[in-house]
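Residue-level structure breakdown
The chain contents come next:
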Amino acid sequence: MNLMMLLEMAASGLGDRTAVGSKTTGLTYAQLFDRAQAAARRYRNSGVEAAVLCDESSHAVPIMLFGSAWAGVPYVPLNYRLPSDDLLTLAGRVGSAVAVTDETNLDRLASIDAVTTVQQGDFLADPAGGHTIGAEPGDWNMDPDDVAVLLFTSGTTGTPKSAVLRHKHLVSYILGTVEFMGAGEDEATLVSVPPYHIAGVAAMLSSVYAGRRIVQLPRFEPHAWIDAVEAEGVTHAMVVPTMLTRIVDALDERGGEPLLGVQALSYGGGKMPRPVIERALELFPITNFVNAYGLTETSSTIALLGPDEHRIAQYSDESTERARLGSVGRPLPGIEVAIRDDDGIDLPAGEVGGIFVRGEQVAGEYREKGSLLDADGWFPTRDGGYIDADGFLFVQGRNDDVIIRGGENMSPGEIEDVAMSHPNIRNAAAIGVPDREWGEQVVLVAVADATAPEAAELEDLIRSRLRSSRVPAHIVFVDELPHNDTGKLLRRVLREQYAHLGDGPAD
Amino acid sequence: MVDLKAGARFQSTVCTTEVIVVKGAGEVDLTCGGAAMVAAGTGSIDGAPADGAADGTQLGKRYSNEAGTIEILATKAGDGSLAADGEALVIAQAKTLPASD
C-alpha cells in the first residue's frame, strides 16, 4: 500500500478533471501526478530522509504529500507560525530534509546543516529541482509499514510529539470512508485548515480519491472564506469550531442572509459551542452538517454525527434528539470504540470513562515513545466520554483537563455545556485552580454577548442542573477565550492566568 | 490459492486488472478472466479472459462475494471478471458515508 496508489487511480480515472486550484487554471489529476513524480525525483536524487513543508497552503501541499510517498520518505508539515526556537527544535529532530518554505522561514531553516531549503515559488516552478531521472510510474515502495506522514501534535498539554502515520493507516482510512470518484464534476472543497493539521492531510487524500476539486484558503479570515465559497463554487468545506464561530458572526454582520451553495459542511478538532452550531444550522439551512471526531493518531475521523441527526436535533421537541447535537455520532464502519474505567474494565452505556479505539486506520504511535496500542490493538485517546443507549458517542474532553475537587472527578465539559445553555453565554471554559482545602476549585471563564448575566444567575443555573460541587467558586467574563491557531482551547493558559483566584496548593 | 488479507495486491495474468484486498478471508482461489491471479508485480499478461469470465472490471469499484466475507477493490481496470473459489464477485453497493474532511 502506498498513498500514490490513490493518486494513480485518480489520474487514470479522471486525468483531465481539475484536482487543485480554480477550475480553469488549476492542476488536473494528470498534472498533479506529473508534479509528484518530479518532486520524487528531487527527493530521491538528494538522498534526504524527509520532505519538510514549512509554509501555508499552496499547490505544494498535494505535490509534496504524493511526491514524498513516491520517493519513499515521510512528508513532514511543520507549523510555520512557531517561534524560531521551537521551529528549529522540531526541524532539527527530522533528520536530513528538503524543506519547502516561505521567505520568513527560509533563513531560519537554512541554519540547520541537515536541511536544504527551497522557496515555495521555486519549488512550484520546478518540483524536480532540475533532475530528470530517479522516479518512474509504479516504482514507489508498496510496503504498507513505510512511514507516510510525520505530524507534530499541537503540544497544548506539553512538548509536541511526532505522530507516525504509515501508508497502511492512511490508505485504510481512505478506502474505508471514501468512494472512488464519488464526487460530481462540479464539486469543490474549501480547505482552510493549515497543512500541519491532520484534517489538512486527510482533506488532500479524500478529495483526490473522491475526485473533488481542492480549493485552498491559505490564511483563514471569515469574509475571505465566504467570498471564496461564492467565487470558487465551493460545495464542501471542513472547519474547526473557532472558524465556524467567526463565519457565523461574519454572516450575521452581512445581514444574516443564508448561504445556500454549500452542500456539506463538516466540523471537528475541538468542542463546538452549542449556540454557534445552532445559529449555523439556520444560516446554512439546506447544508448537510457533519460533526467529525478524530485525532492525529487515528488518521483523522473515527466517528461522525451525520446530516440527518443535525436537522432532527434542530427541529425536534424531544430532549434525547436535541441532545445529539452535543454528540460526535457513531463510530465509522471498521472502527470499534470502548469506554473503560481507570482499571481498564469496559463500562456499560451511559457511564463516563476513557475512550479507547481500534481499527486499521488507528496508528497510535509516536517517534519518541513508540506504539501506544495495547496487545489487542486498542489505542487510549486520553479523551473522556460515554456512549448512550443508541450508540452515540459523547466526548467530554481531555483526561488531563479533568477537575479534581475534594477527590471528586469533574469533567469541564458538563459545566461548560450548562453554562452555554444560558441564552446570553456564547462560550465558556471551566478550569480547576489550586485550593488548599479542596485540592482544586472550579473557575468558569465565560464569553457573554452584549447582555451578560449576573454571576449569581449562572451559578443558580448550574446548581439547578448539576451537583453543587460543580458550581464555580469564581466566574470571570472575558471578551475571548485563548485558542491555538487550529482552534484548540488553551486551558493551560487559563489555568496559569487564573491560578491567583485559588488560595494556593495544599502543601 | 492466494492468501487474501487486507492490503494484499494481486494482478490478473490475462488482462490489465489489478486489485487490492479491502477485506480478506484467508486462502482463496482468486481468479480474473478465469485464470489465477498472482501477487502484483510478479506476473505478465498472457492470453485473454475465458468466455463467461470477460465482463471486465471497473476502476475504483469494490467487488464482493454474496456472503460479504470478501471485498476487493480494482486499482486498475481490465477485461476479465473476478471470482473467488469459483463464485463470481459482484460490484458492492457504494458507501454513503458523508464527507468529513
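Parameters at a glance
Residues numbered from 1 in each chain as written. Chains lettered and ligands numbered in written order. Predicted model: local features only at pLDDT ≥ 70, side-chain atom pairs only at ≥ 80, totals over all residues. Heavy atoms only, no water. Helix = DSSP H or I, 4+ residues; strand = E, 2+ residues; numbered from the N terminus. Rg over C-alpha atoms; globule rule 2.2 N^0.38 Å. Buried < 20%, exposed > 50% of the residue type's maximum accessible area, 1.4 Å probe, protein only. Contact = heavy atoms within 4.5 Å. Areas by Shrake-Rupley, 256 points an atom, 1.4 Å probe, with all protein chains shown as cover. Domains from an automatic or database assignment. Core = buried A, V, L, I, M, F, W, Y, C linked by side-chain atoms within 4.5 Å. Pairing = 2+ DSSP bridges. Right-handed = clockwise from strand over helix to strand, strands pointing away. Phe/Tyr/Trp six-rings, centres within 6.5 Å; stacked < 30°, edge-to-face > 60°. Lys NZ or Arg CZ within 6 Å of the ring centre and 35° of its normal. Expected span 1.5 Å × (residues − 1). Salt bridge = Lys/Arg side-chain N within 4 Å of Asp/Glu carboxyl O. Axes fitted to C-alpha atoms, helices over the stretch in contact; angles between N-to-C directions. Parallel < 35°, antiparallel > 145°, perpendicular 65-115°, else oblique. Left-handed = near helix turned anticlockwise from the far one by under 90°. Buried area = accessible area lost by both parts, 1.4 Å probe. Polar contact = N/O pair within 3.5 Å; in protein donor to acceptor, adjacent residues only side chain to side chain.

What follows concerns the overall build of chain B. Regarding its fold elements, chain B presents zero helices and twelve strands. Secondary structure elements of chain B occur, N-terminal to C-terminal, as β-β-β-β-β-β-β-β-β-β-β-β. Taken against the 2.2 N^0.38 rule, which gives 13 Å for 101 residues, the C-alpha radius of gyration of chain B at 13 Å falls within 12% of a compact globule. A total of 101 residues make up chain B; the buried ones form 47% of that total. Partitioning the intrachain contacts of chain B with sequence separation of at least 6 by distance along the chain shows that 60% fall at a separation of at least 24. Roughly 4700 Å² of accessible area belongs to chain B as shown, and the carbon and sulfur atoms make up 48% of that amount.

The next thing to look at is the domain arrangement of chain A. The assigned domain composition of chain A is domain 1 (3-219), domain 2 (334-399) and domain 3 (402-501). The C-alpha-based centres of domain 1 of chain A and domain 3 of chain A are spaced at 40 Å.

In summary, soluble globular proteins display a tendency toward joint burial of nonpolar side chains. Residue and element names in this part refer to chain A. In this structure, Leu-3, Tyr-43, Trp-225, Phe-284 and Leu-393 are the most contacted members of the largest nonpolar core, which totals 123 residues. Sorting elements by how many residues they give to this core places helix 8 (residues 198-210) first, with ten residues. Counting only domains with at least three residues in this core, you end up with domain 1 (3-219) and domain 2 (334-399). Excluding residues within four positions of it along the chain, Leu-3 makes contact with Leu-65, Phe-66, Ala-69, Ala-148, His-167, Leu-170, Val-171 and Leu-205. Among the nonpolar cores identified, the runner-up in size contains 20 residues, and Val-76, Leu-78, Tyr-80 and Tyr-196 belong to it.

We now examine the pairing of strand 5 (residues 97-101) of chain A. Residue and element names in this part refer to chain A. Across the five residues of strand 5, five count as buried, placing the element largely inside the fold. Of the two faces of strand 5, both are covered, the one formed by Ala-97, Ala-99 and Thr-101 as well as the one formed by Val-98 and Val-100. Looking at chain direction, strand 3 (residues 50-54) and strand 5 are connected through five bridges and run parallel. Looking at strand 5, one finds that Cys-54 is bridged to Thr-101. One ladder, built from five bridges, connects strand 5 with strand 6 (residues 115-119); its direction is parallel. Note on strand 6: the bridge partner recorded for Val-100 is Val-118. With respect to chirality, the unit in which strand 5 leads through helix 5 (residues 103-110) into the neighbouring parallel strand 6 is right-handed.

Time to look at the packing of aromatic side chains. Residues and elements named next belong to chain A. Summed over the entire model, instances satisfying the criterion amount to eight aromatic pairs over all chains. Look at Phe-180 and Tyr-209: their rings are 5.1 Å apart centre to centre, the planes differ by 50°, and that puts the pair in the tilted class. In this pair, Phe-180 sits in the loop between helix 7 (167-177) and strand 9 (188-191) while Tyr-209 sits in helix 8, placing the two residues 29 residues apart along the sequence. Here the two residues Phe-180 and Tyr-209 agree in accessibility, since each one is buried. With 6.4 Å between their ring centres and 80° between their planes, Trp-225 and Phe-284 make a pair best called edge-to-face. A residue pair is termed long-range when its members are at least 10 positions apart, and Trp-225 in helix 9 (residues 222-231) and Phe-284 in the loop between helix 11 (274-283) and strand 13 (288-295) qualify at 59 residues. Taken individually, Trp-225 and Phe-284 each receive the classification buried, so the pair is uniform in this respect. One aromatic cluster is present, built from ring pairs that chain together Phe-33, Trp-70 and Trp-140. Over the ring of Trp-378 we find Arg-340; its NZ or CZ atom is 4.9 Å from the centre of that ring.

For the rest of this paragraph, the subject is the sheet that holds strand 3 (residues 18-23) of chain B. Residues and elements named next belong to chain B. Spatial strand order, 7-2-3-9-8-12: six strands in an open sheet with antiparallel pairing. Both edges of this open sheet fall to strand 7 (38-39) and strand 12 (90-91), since each of them pairs with a single strand only. Alignment of strand 2 (residues 9-11) against strand 7, held across two bridges, turns out to be antiparallel. Considered in strand 7, the bridge of Phe-10 is made with Ala-39.

Turning our eyes to something else, we now look at helix 2 (residues 29-46) of chain A. All names here are of chain A. Compared with the 26 Å implied by 1.5 Å per residue over 18 residues, the 26 Å span of helix 2 between its first and last C-alpha is a close match. Every buried residue of helix 2 is listed here: Tyr-29, Leu-32, Phe-33, Ala-36, Gln-37, Ala-38, Ala-39, Ala-40, Arg-41, Arg-42 and Tyr-43. Backbone geometry just after helix 2 places Gly-47 at a positive phi near 65°.

On to the pattern of salt bridges, then. Inspection of every chain in the model, using the stated rule, returns 36 salt bridges over all chains. Residue Arg-340 of chain A pairs with Asp-374 of chain A through a salt bridge whose shortest N-O separation is 3.7 Å. Pair noted here: Arg-340 of chain A is in strand 16 (residues 336-340) and Asp-374 of chain A is in the loop between strand 19 (370-371) and strand 20 (379-387), with a separation of 34 residues, a long-range link. For Asp-374 of chain A, a relative accessible area of 32% puts it in the partly exposed group. Salt bridges here are not isolated pairs; linked through shared partners, they connect Glu-8 of chain A together with Arg-9, Glu-18 and Lys-76 of chain B.

Right, let's talk about the side chain of Ser-327 of chain A for a bit. Checked against the element boundaries, Ser-327 of chain A lands in the loop between helix 13 (319-323) and strand 15 (330-331). Once residues within four sequence positions are removed from consideration, Ser-327 of chain A is found in contact with Asn-291, Leu-305, Phe-392, Leu-393 and Phe-394 of chain A.

All names here are of chain A. Interaxial distance between helix 14 (residues 412-420) and helix 15 (residues 455-465) falls to 9 Å at its minimum, and their mutual angle equals 120°. In terms of orientation, helix 14 and helix 15 fall into the oblique class. Crossing of helix 14 over helix 15 shows right-handed handedness. Between helix 14 and helix 15, the residues in contact are Ile-415, Val-418 and Ala-419 and Leu-458, Leu-461, Ile-462 and Arg-465, respectively.

Glancing now at the interface of chain B and chain A. Each side of the interface is counted separately: chain B has 19 residues, and chain A has 32 residues. Summed over both sides, the interface of chain B with chain A buries roughly 2000 Å², with 62% coming from carbon and sulfur. For chain B, the biggest contributors to the area lost against chain A are Leu-97, Ser-100 and Asp-101 of chain B; these three give 32% of the whole. Applying the counting criterion to the chain B and chain A interface returns two salt bridges. The residue Glu-8 of chain A makes a salt bridge to Lys-76 of chain B at a minimum N-O spacing of 3.5 Å. Connecting chain B to chain A are eight residue pairs in polar contact (both at pLDDT 80 or more).

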